[in-house]
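Read off the chains here:
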Amino acid sequence: MSMIIDGKAVSAKVKENVRDEIAELKKKGITAGLAVIIVGDDPASKVYVRNKKLACEFCGIDSYEYALPAETTQDELISLVKKLNADERVDGILCQLPLPEHIDEKAVIDNISPDKDVDAFHPVNVGRIMIGDYRFLPCTPAGVMELIASTGVEVKGKECVVVGRSNIVGKPMAMLLLHNSGTVTVCHSKTKDLAEHCRKADILVAAVGVPKLITGDMIKDGAVVIDVGVNRLENGKLCGDVDFESAKEKASYITPVPGGVGPMTIAMLMKNTLAAAKMKAAE
Ligand code: NDP
């Protein structure tokens, strides 16, 4: 039987720490600002943007929302990004993904100043993560590291298996575990015998997008299991990439979906915005 990792509680602590540090900065006359750009009417994106605004309010971060129509051109969007790059009130810029199909996401990300790239998607920040000299960590993998830390289980020397190799989650996740001296295996859709790899994991991170792909029989006794997946079932309920019911019989610690990794992502965005404001203050 495993302990359930409470992502809401861990994320609340992260946000409280950010709020306290922002209050200290304000005493020195330094404010922190986050600009969030949303293009189009995607309902899920609107919810994410609203939650980001609420988190900013909680932390004392000024939030600037730019809701643009779906027909906004790539040039118009990049012009806005450049304007925000030069705006001193803005420490972090986040462009809510996905963007409409006629806009090249990479072109937009490449135009965000690396110093304000609080999602850590810009190639400069991706490169910095690779060499272990980072200012911002990508929010979801950084949130996973906080959740692992909250268990008290050390990553050093552990067999770590990451299922998924996306640029946003899987690859940076593997790098962070490696920087923390885990022995890391990355699995993907072409991996032969996924179960065999998973069964070796002391720390297993699933970031796939396939409901309940990882079942209890694929989990080593006592493993820490972190489920990044967010999948909507036919009955409307959310579920992860891990079959929670069978996995919790084997894991020592496990995250639920929802209420595990999800709340951490926004908390880490707040942390990155704080880091950007501190960088500005140090200039
Ligand atoms: P992607 O679709 O970009 O990547 C999925 C990865 O899973 C790919 O590397 C793919 O392999 C691999 N994969 C697919 N099928 C299998 C399989 N059967 N066995 C092994 N590996 C497989 O997804 P993301 O990384 O963006 O997201 C992953 C999940 O995490 C999604 O459910 C997403 O909603 C969720 N997510 C949650 C966040 C949160 O805040 N909680 C934030 C971001 C994502 P290949 O490369 O070979 O195609």
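Let me sum up the structure you'll find in this document.

1. Quick notes on the sheet that holds strand β3 (residues 62-68)
The pairing of strands in a sheet comes from backbone hydrogen bonds and takes either a parallel or an antiparallel form. Judged by pairing direction, the sheet is parallel, and its 3 strands sit side by side in the order β3-β2-β4 without closing on themselves. The open sheet terminates on both sides in strands that have one partner only, identified here as β3 and β4 (92-95). Across this sheet, the average inter-strand angle for adjacent strands is 15°, counted without regard to direction. Pairing of strand β2 (residues 33-39) with β4 involves 4 bridges; the strand directions are parallel. The residue bridging Ala35 from the neighbouring strand is Ile93, located in β4. Running at roughly 170° to β2, helix α2 (residues 43-59) makes contact with β2, β3 and β4 of the sheet.

2. Observations regarding the packing of α2 against helix α10 (residues 261-282)
Interaxial distance between α2 and α10 falls to 10 Å at its minimum, and their mutual angle equals 50°. As far as their axial angle goes, α10 and α2 are oblique. At the point where α2 passes α10, the crossing takes the right-handed sense. Contacts between α2 and α10 involve Tyr48, Asn51, Lys52, Ala55, Cys56 and Cys59 from the former and Ile266, Leu269 and Met270 from the latter. Considering only residue class, the contact of α2 with α10 consists of 7 nonpolar, 1 polar and 1 charged.

3. Quick look at the pattern of salt bridges
In total, this model carries 15 salt bridges according to the counting rule given. The partner of Lys27 in a salt bridge is Glu24, with the nearest N and O atoms 2.9 Å apart. Taken together, the residues span about one helical turn, with Lys27 and Glu24 both in helix α1 (residues 7-27) at a distance of 3 residues. The partner of Lys280 in a salt bridge is Asp91, with the nearest N and O atoms 3.0 Å apart. Pair noted here: Lys280 is in helix α10 and Asp91 is in the loop between α3 (74-85) and β4, with a separation of 189 residues, a long-range link. Judged by its relative accessible area of 28%, Lys280 falls in the partly exposed class.

4. Overview of the site of the ligand
Around the ligand, a shell composed of 20 residues is seen, among which Arg165, Ser166, Ser189, Val230 and Thr265 lie nearest. Note that an oxygen atom of the ligand is positioned 2.7 Å from one of the side-chain N or O atoms of Arg165. Contact with the protein chains removes 67% of the 930 Å² of surface that the ligand exposes when unbound. At 3 residues, α10 tops the list of elements feeding residues into the shell around the ligand.

5. Structural notes on the nonpolar core
Ile61, Leu177, Ile226 and Met270 are the most contacted members of the largest nonpolar core, which totals 52 residues. Counting residues per element, this core draws most heavily on α10, at 10 residues. Discounting chain neighbours no more than four positions away, the residues touching Ile226 are Ile5, Val144, Leu147, Ile148, Leu204, Val205, Ala206, Thr255 and Val261.

Calculation rules
Residues numbered from 1 in each chain as written. Predicted model: local features only at pLDDT ≥ 70, side-chain atom pairs only at ≥ 80, totals over all residues. Heavy atoms only, no water. Pairing = 2+ DSSP bridges. Helix = DSSP H or I, 4+ residues; strand = E, 2+ residues; numbered from the N terminus. Axes fitted to C-alpha atoms, helices over the stretch in contact; angles between N-to-C directions. Contact = heavy atoms within 4.5 Å. Parallel < 35°, antiparallel > 145°, perpendicular 65-115°, else oblique. Left-handed = near helix turned anticlockwise from the far one by under 90°. Nonpolar A, V, L, I, M, F, W, Y, C, P; charged D, E, K, R; others polar. Salt bridge = Lys/Arg side-chain N within 4 Å of Asp/Glu carboxyl O. Buried < 20%, exposed > 50% of the residue type's maximum accessible area, 1.4 Å probe, protein only. Near = heavy atom within 4 Å. Polar contact = N/O pair within 3.5 Å; in protein donor to acceptor, adjacent residues only side chain to side chain. Areas by Shrake-Rupley, 256 points an atom, 1.4 Å probe, with all protein chains shown as cover. Core = buried A, V, L, I, M, F, W, Y, C linked by side-chain atoms within 4.5 Å.

Fair warning: the whole summary comes from geometry, so function is off the table for now.
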